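# Summary of the model geometry
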Amino acid sequence: MESNHILNPPNKNLNQLVLAILSKCNHLNHLKQLQSFLTVLGHSQTQFYVFKLLRFSILKISNLSYARYVFDHVCFPNIYLYTAMVTAYASKLDYLSAFEFYRNMVRRGHPKPNHFIFPHVLKSYQTTQLVHAQIAKWGFVQYPVVQTALVDSYSRSSSDIGVARQLFDEMSEKNVVSWTAMISGYTRVGQVGNAISLFDQMPERDVPSWNAVIAGCTQNGLFSEAISLFRKMMQHRHNRPNQVTVVCALSACGHTGMLQLGKSIHGYVYRYSLGFDSFMSNALVDMYGKCGSLKEAKRVFDMTSKKSLTTWNSMINCFALHGHGESAIGIFEEMIQHGEDVRPDEVTFVGLLNACTHGGLVEKGHYYFLMMTQDYGIEPQIEHYGCLIDILGRAGRFEEALEVVRGMKIEPDEVVWGSLLNGCKVHGQIDLAEFAVKKLIEIDPKNGGYGIMLANLYGELGKWDESRMVRKMLKQHNAYKTPGCSWIEVDNEVYQFYSADKTHPRSEEIYKILGALLGLSLRLWYSPYIDCSTQL
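Not measured: the values here are computed from a predicted model.

This next bit is on the UniProt feature "repeat: PPR" (unreviewed entry) in the protein. Those places that UniProt annotates as "repeat: PPR" (unreviewed entry) correspond, in this numbering, to residues 78-112, 175-209 and 308-342. Secondary structure content for residues 78-112 is 77% helix and 0% strand, while the C-alpha to C-alpha distance between its ends is 9 Å. From the first C-alpha to the last, residues 175-209 spans 11 Å; its make-up is 74% helix and 0% strand.

Below you can see the structure in the form of C-alpha cells.
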C-alpha cells in the first residue's frame, strides 16, 4: 500500500503545508528542518514526502549527495524513488551510478521496474545488451519509449549501429523522437549519408530532428550540406530554427567562409529574439573571425556582458588566426585581469602560442609556454609543442627546437615534425628538413605530399638518384596527395575548386576564361607597354 503514497498523499492538509514550505525553501538547512518536522510527525518513511524531498534536493538546490542520503534512509524505497535517483544520476552524466542503482534494485527483488526507468538506465550504453535482456524478461519490449531508448543506446556504438537500425525498423509505432534517435545515431558514428537519407523519409519533422541532421553534418565536416539543410528548414514555417540550429549554421558559415549568410543569420537572431547569451556570442565571434571580419567579431565580443572562457578563447583565436599577435595578447592580458572569474585553459594557450607564431614573437611565445606549465600547471599537449617548435623554427633557433622535441613527454607527431619542417624551409636548412620529412613519412607513409617534399629536397641537394627512387616508390605504393582547395562565395552560394578539378558544371567555361587570362598575362609579360584596355 505504501508504494501508492506517491500518487495519493496520506493527509491533504499536511500535503498542502509541505508544498507551501517547499515553495519558500531555498537552502539545504530549510530542507533539513522540513525533514526533521516530518520525522517528528512519524512520516520519515512515507514515500510521498520522501519523493518531494528528493525532487527538491535534486532539482531546486542541485544537491545529489543529500538526495542520496535521504534515499538511503528509506527502508523499502518504491519504484518512483528509484526512478528519481536513476534519472538524477543520468542527468549528471554519471551513467555508471545510474546503472548501479538499477542493478541494486533488481538484486533486491523489490520493487518491480516500470517502463519509465529504462530510458535513463540505457544511457550507460556499455550495459545495453544486459539491460535489453532485462527489458525482455519484464515484458517492456513493446513500449515505444523503451524501444526508442534501445535504438538510442545501441546507436552510440559504431559496432552496434546495425542492431539499432534493426530495432528501429521493427518498431510498429515510430514517432518523431524515434526517427530523431536513429538519425542522431548515424551522425554520431559518422554515417551522415544514412542520416540524411533517413531524414528525407521522415513523415513529419520537428525542430530537434532538423537540429540532429544539421548538427551531424557540421560535426562531421560536411558544412555545405549543413547550410543546404538550414536553408530548407528556413522554408518550413512550422519548424523555425532555434538557438541550437543557429549555432550549428554559424559554425558551418565560419568553416566555409560564407560571411553574407552569417550576417543574415545574425539578423535572424535579433529579429526573433533568440537570446544573446555566451553560447550565441561565442558562435558569432567564431564565425566572424573565421570569415576574416575581425571588426564585427570584436564588436560582438565587446557587447557580451558576461564573457565565458570560451568567449575569451574565441576572440584570442580570431586575432591569432589572422596574424594579429599583439591584439590576441592584449585580449589575453585583459582576461587575466578578471582574476578568478576566468582561468586560462589549454585552448587559451594554443591560441596565444599561435598568435606568437604568426607575429614572430619568439620571447613572448617562450614566456607564455612557461607560464602555462609553471603558473597554471597545464600539461603541454602536442598542439602546444607544435606551436613552440614552430616559433623557434621560424626564428632559425633549431638547436632549441630540437631540444624541445627531445624533452617532450609524448611521442612527436605530424604537427611537431611539420612545424620543424616549415622553419627549415624558411631558413634553407636542407639536411634538417630531410630528417623532418623522413619522420613524417614514417608516421604516414601513404601521404604522397611528404614523399614529393623529400623528392624535391633531394633534387635541391643534387641527389637525383634518390629523388627518382622516392618518386618510383610513391607510384608503387599508390600514395595520395591531398589536393589544394579554394572557394568563393557568389550570390549566397559557396563554390569549391580543387587542383585540376573538372566537377563543376561550368568547368569548360571556367577553364576557357583561365586560359584567356593566362594568355593575356603572358602577352603583358613580354609586351609591358601594351594598352590593357584593348585586351579586355
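Don't stop here, the text continues.
Across all of its chains, the model carries 19 aromatic pairs by this definition. Ring pairing ties together the aromatic residues Phe332, Phe349, Tyr367, Tyr368 and Tyr376, which thus form one cluster. Positioned over the ring face of Phe199 is Arg205, at 4.2 Å from the centre of the ring.

Here we come to the side chain of Asp345. With respect to the helices and strands, Asp345 occurs in the loop between α20 (325-336) and α21 (346-359). Among buried Asp, Glu, Lys and Arg side chains, Asp345 stands out as unpaired, with Arg343 the closest opposite charge at 9.6 Å. Here the side chain of Asp345 touches Asn313 through a polar contact of 3.2 Å, side chain to side chain. In this structure Asp345 touches Leu309, Asn313 and Ile378, once residues within four positions along its chain are discounted.

We now examine the packing of helix α15 (residues 243-256) against helix α17 (residues 278-290). Running from N to C, α15 and α17 point in directions that differ by 15 degrees, and their axes come no closer than 8 Å. Of the possible angle classes, the one that applies to α15 and α17 is roughly parallel. The way α15 lies across α17 gives a crossing that is left-handed. In contact with Gln243, Val246, Val247, Leu250, Cys253, Gly254 and His255 of α15, α17 contributes Phe279, Met280, Ala283, Leu284, Met287 and Lys290. Residue composition of the contact of α15 with α17, by class: nine nonpolar, three polar and one charged.

Residues at a pLDDT of 70 or more form 91% of the protein, whose mean pLDDT is 88. Scored below 50 in pLDDT, residues 1-7 shows 14 contacts in the model against residues more than four places distant or in partner chains. In the predicted structure, residues 532-536 sits below a pLDDT of 50 and forms five contacts with residues beyond four places in sequence or in another chain.

Glancing now at helix α4 (residues 64-72). When α4 is considered as a whole, its buried residues turn out to be Leu64, Tyr66, Ala67, Val70 and Phe71. Down the axis, α4 shows its buried residues gathered within 160 degrees of arc, on one side only. Residues of α4 that are buried in the fold lie against α2 (28-40), α3 (47-60), α5 (79-91) and α6 (95-108).

Attention now moves to the nonpolar core. Met85, Ile117, Ile214 and Leu420 are the most contacted members of the largest nonpolar core, which has 157 residues in total. The leading source of residues in this core is α5, at nine residues. Contact partners of Met85, with chain neighbours within four places excluded, come to Leu54, Ile58, Leu64, Ala67, Arg68, Phe71 and Phe101.

What follows covers a nonpolar patch on the surface. On the surface, a cluster of nonpolar side chains totalling about 380 Å² of accessible area is made up of Tyr511, Ile513, Leu514 and Leu517. Position of Leu514 among the secondary structure elements: in helix α29 (residues 507-526). Overall, the relative accessible area of 47% leaves Leu514 in the partly exposed class.

With that settled, the discussion passes to the side chain of Ser281. Examined against the element boundaries, Ser281 turns out to sit in helix α17. Accessibility expressed as a relative area gives 0% for Ser281, which makes it buried. At 3.4 Å, the side chain of Ser281 forms a polar contact with the side chain of Thr304. Ser281 has contacts with Phe276, Val300, Thr304 and Thr311, leaving out every residue within four places of it along the chain.

Definitions and cut-offs
- Residue numbering note: each chain is counted from 1, following its sequence as written.
- Since the coordinates come from a predicted model, pLDDT governs what is reported: local features require at least 70, and pairs of side-chain atoms require 80 or more to be given and counted, while whole-chain, interface and lining totals use all residues.
- Only hydrogens and water are set aside; all other atoms, that is, all heavy atoms of the structure, feed into the side-chain values.
- UniProt positions are given in the numbering used here, feature names are shortened, and annotations may be inferred rather than shown by experiment.
- Only DSSP runs of H or I with at least four residues qualify as helices, and only runs of E with at least two residues qualify as strands; both kinds are numbered from the N terminus onward.
- Stacked, tilted and edge-to-face are the three classes assigned to paired rings of Phe, Tyr and Trp, where Trp is represented by its six-membered ring and a pair needs centres within 6.5 Å; plane angles under 30 degrees give stacked, over 60 edge-to-face, the rest tilted.
- Note on criteria: charge over ring means Lys NZ or Arg CZ within 6 Å of the ring centre, with the direction from the centre no more than 35 degrees off the ring normal.
- We call a residue buried when its accessible area falls under 20% of the maximum for its residue type, exposed when it is over 50%, and partly exposed in between, using a 1.4 Å probe and counting protein chains only.
- Only four residue types enter the tally: Lys and Arg on the positive side, Asp and Glu on the negative side, with His and both chain ends excluded.
- When a carboxyl oxygen of Asp or Glu is within 4 Å of a side-chain nitrogen of Lys or Arg, the pair counts as a salt bridge.
- Here a polar contact means two N or O atoms within 3.5 Å. Within protein one must be a hydrogen donor candidate and the other an acceptor candidate, and residues neighboring in sequence count only if both atoms are side-chain atoms.
- Any two residues whose heavy atoms approach within 4.5 Å are treated as being in contact.
- Here the axes come from fitting lines to C-alpha atoms, over the contacting stretch only for helices, and the angles between their N-to-C directions go from 0 to 180 degrees.
- Comment on the angle field: the value is read as roughly parallel under 35 degrees, roughly antiparallel over 145, roughly perpendicular from 65 to 115, and oblique elsewhere.
- Crossings are assigned a handedness: left-handed for a near helix turned anticlockwise from the far helix by less than a right angle, right-handed for a clockwise turn.
- Three classes are used: nonpolar for Ala, Val, Leu, Ile, Met, Phe, Trp, Tyr, Cys and Pro, charged for Asp, Glu, Lys and Arg, and polar for all others, with Gly counted as polar.
- Note: pLDDT gives the predictor's confidence per residue, expressed from 0 to 100.
- Working note: the arc is built from the helix axis to C-beta atom directions.
- By nonpolar core is meant a set of buried Ala, Val, Leu, Ile, Met, Phe, Trp, Tyr and Cys residues that side-chain atoms within 4.5 Å join together.
- Think of a patch as exposed residues, more than 30% relative accessible area, with no salt bridge, where like charges cluster within 9 Å and nonpolar side chains (Val, Leu, Ile, Met, Phe, Trp, Tyr) cluster within 5 Å.
- Shrake-Rupley sampling with a 1.4 Å probe provides the accessible areas, and residues are treated as covered by the protein chains on show and by no other component.

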